[in-house]
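Coordinate inspection notes
Residue-level listing of the chains:
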Amino acid sequence: MQRRDLLRAAGPLGLAGLAGCMGTFETQSSAQSRFTTVEDRTEKVYYPSHIDGMTMVGMGGDGRYKVGLMYSLPHAFWTITGTDLNLAQVGEDATAHLMATLWDSETGTVLPTSEIRATILKGGEEIDSRRLWPMLSQNMGYHFGDNVRLDGNGTYTARLSVSAMQARRMGELRGAFGEGTTIEVEFEHRRGKLGDLSLKQLPDKKGDAGAIEPMEMKMPLAQVPERDDLPNVLATGTSGDADFAVFAPDESPHFVPDGQSYLAVSSRTPYNRYPLPFMSLSATLTRGGSSVYDDILRAALDPQLGYHYGAAVESVESGDSLTLTVDAPPQVARHEGYETAFVQMPELELSL
């Protein structure tokens, strides 16, 4: 079995079992989680039924690793395994929805590492421990989160075990984040702090194509560059309501052999330009009926180019044909408004 066939069968390495049980798309409701959604949704990004308020609770860091911690009232979300979605309802003992954003302190680049495990302590006693889901939400973008249990008012410590980055690091990130770390964030919790958070309904927009604006935060937001800001854009297209931009930088990365080119693909959400990580993406580049490249594109992160997928190829020429195949869609959990998009993603046929 070839490597790209293996990826098509198993999904992105290390993420196939991340979502737990597999299931079909559900539209259940739960009064406890205040779960609401929109009927008759299309497979596109849409305005959610409401916007949950959230608040920053603390920050921490270790070396170049920096993390910001926020929480909101607990709420449901969707996980994904392959192309199967599962509605993750709120557990009976859930107190808050905990969210973490991880970034590089030197460049401000948000880091799409593969795993963050959170252990919640109070007075030195473990209250909760779980692996946080890599997630997408319209107001916060790419982050890690889950519903957690807190044991009343008081001072807590969130011990975050961060894995090493699997994506190739380029530019100013070269040589960094090859090893994981543990970061502790101390924060104060009181029930009234959550109770005072807003819940904004969107009765006139819910279900319409579009997305709410990113929220203003005291930490970086994961966004990829505007298409016009990418170097040497060769083609653009859309699949599964995700935008794709194919580009080939004039200056190739350090790992590209002399005389070859770097073929790169930036995939992003519409409207807010959030990256779509943990996707298995393959490319077939042909010229005059002959194959120039036929293999996977590897995930990479560069402060200037953003999160993208790329590979070294013999050359890229005007008139080449490029087929992009999504072997597995982005294996990230989704908040309302994203759960119907980026799942069924047909092949893209592009002329360069």
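Note: the structure precedes this text.
**Focus: the overall build of the protein chain**
Secondary structure summary: the protein chain contains 2 helices and 22 strands in total. Going through the 352 residues of the protein chain one by one, you find that 56% of them count as buried. Looking at the protein chain alone, contacts between residues at least 24 apart form 74% of all its contacts between residues at least 6 apart. Entry remark: accessible area of the protein chain is about 15,100 Å², with carbon and sulfur atoms responsible for 42%.

**Digging into the pattern of salt bridges**
A full pass over the atoms with the stated rule returns 11 salt bridges. Across the pair R130 and D146 runs a salt bridge, and its minimum N-O distance is 3.3 Å. You can see R130 sitting in strand β8 (residues 125-137) and its partner D146 sitting in strand β9 (residues 141-148), a full 16 residues away along the chain. A residue is classified by how much of its surface remains accessible, and D146, at 9% relative accessible area, is buried. Put simply, E226 and R273 hold a salt bridge, and the shortest N to O gap is 3.4 Å. Linking E226 in the loop between β13 (199-201) and β14 (233-239) with R273 in the loop between β16 (261-268) and β17 (280-287), this pair joins segments that are 47 residues apart in sequence. E226 sits in the partly exposed class, given a relative accessible area of 42%. Here the residues in one salt-bridge network are R64, D104 and E106, joined through shared partners.

**Focus: the environment of R149**
Following the sequence through the fold, R149 ends up in the loop between β9 and β10 (154-162). Since its relative accessible area comes to 29%, R149 is described here as partly exposed. Once the C-alpha coordinates of R149 and G91 are considered, the two residues, 58 residues apart in sequence, prove to be 9.1 Å apart. Not counting residues up to four positions away in its chain, the partners in contact with R149 are D93, T95, I127 and D128. A distance of 2.8 Å separates a polar side-chain atom of R149 from the backbone oxygen of I127.

**Structural notes on the pairing of β14**
As paired strands, β14 and strand β15 (residues 242-247) are joined by 6 bridges and run antiparallel to one another. Looking at β15, one finds that T238 is bridged to D243. Where β14 folds back onto β15 in an antiparallel hairpin, the turn is made up of 2 residues, including G240, whose phi is positive at roughly 60°.

**As for the nonpolar core**
Most often, soluble globular proteins keep nonpolar side chains buried together rather than apart. Judged by nonpolar contacts, the single largest core of 77 residues is most densely connected at L69, F244, L281, L297 and L324. By residue number, the principal contributor to this core is strand β6 (residues 96-104), which donates 6 residues. L230, A245, A300 and L305 belong to the second largest nonpolar core, which has 9 residues in total.

**Some words on the side chain of N139**
Within the fold, N139 resides in the loop between β8 and β9. Judged by its relative accessible area of 11%, N139 is buried. A polar atom in the side chain of N139 sits 3.2 Å from the side chain of S137. In contact with N139, other than residues within four places in its own chain, are I51, D52, M54, I212, E213, P214, M215 and Y274.

**Structural notes on the packing of aromatic side chains**
Taken as a whole and assessed by the stated rule, the structure comprises 9 aromatic pairs. Consider the rings of Y156 and F187, whose centres lie 5.6 Å apart with planes at 15°: the pair is stacked. Placement of the pair is Y156 in strand β10 and F187 in strand β12 (residues 181-189), with a sequence separation of 31 residues. For Y156, a relative accessible area of 0% gives the class buried. We note R168 situated over the ring of F255; from NZ or CZ to the ring centre the distance is 3.7 Å.

**Quick word on unusual backbone geometry**
Its identity as a non-glycine residue notwithstanding, N232 has a phi of 55°, on the positive side. Looking at the secondary structure, you find N232 in the loop between β13 and β14. Positive phi values are uncommon outside glycine, yet D241 reaches one of about 70°. Position of D241 relative to the elements: it lies in the loop between β14 and β15.

**Focus: the environment of D196**
Positionally, D196 belongs in the loop between α2 (191-195) and β13. Residue classification places D196 among the exposed positions, given a relative accessible area of 62%. Between the C-alpha atom of D196 and that of L73, which follows or precedes it by 123 residues, the distance is 9.9 Å.

So, how was this worked out
Residues numbered from 1 in each chain as written. Predicted model: local features only at pLDDT ≥ 70, side-chain atom pairs only at ≥ 80, totals over all residues. Heavy atoms only, no water. Helix = DSSP H or I, 4+ residues; strand = E, 2+ residues; numbered from the N terminus. Buried < 20%, exposed > 50% of the residue type's maximum accessible area, 1.4 Å probe, protein only. Contact = heavy atoms within 4.5 Å. Areas by Shrake-Rupley, 256 points an atom, 1.4 Å probe, with all protein chains shown as cover. Salt bridge = Lys/Arg side-chain N within 4 Å of Asp/Glu carboxyl O. Polar contact = N/O pair within 3.5 Å; in protein donor to acceptor, adjacent residues only side chain to side chain. Pairing = 2+ DSSP bridges. Core = buried A, V, L, I, M, F, W, Y, C linked by side-chain atoms within 4.5 Å. Phe/Tyr/Trp six-rings, centres within 6.5 Å; stacked < 30°, edge-to-face > 60°. Lys NZ or Arg CZ within 6 Å of the ring centre and 35° of its normal.

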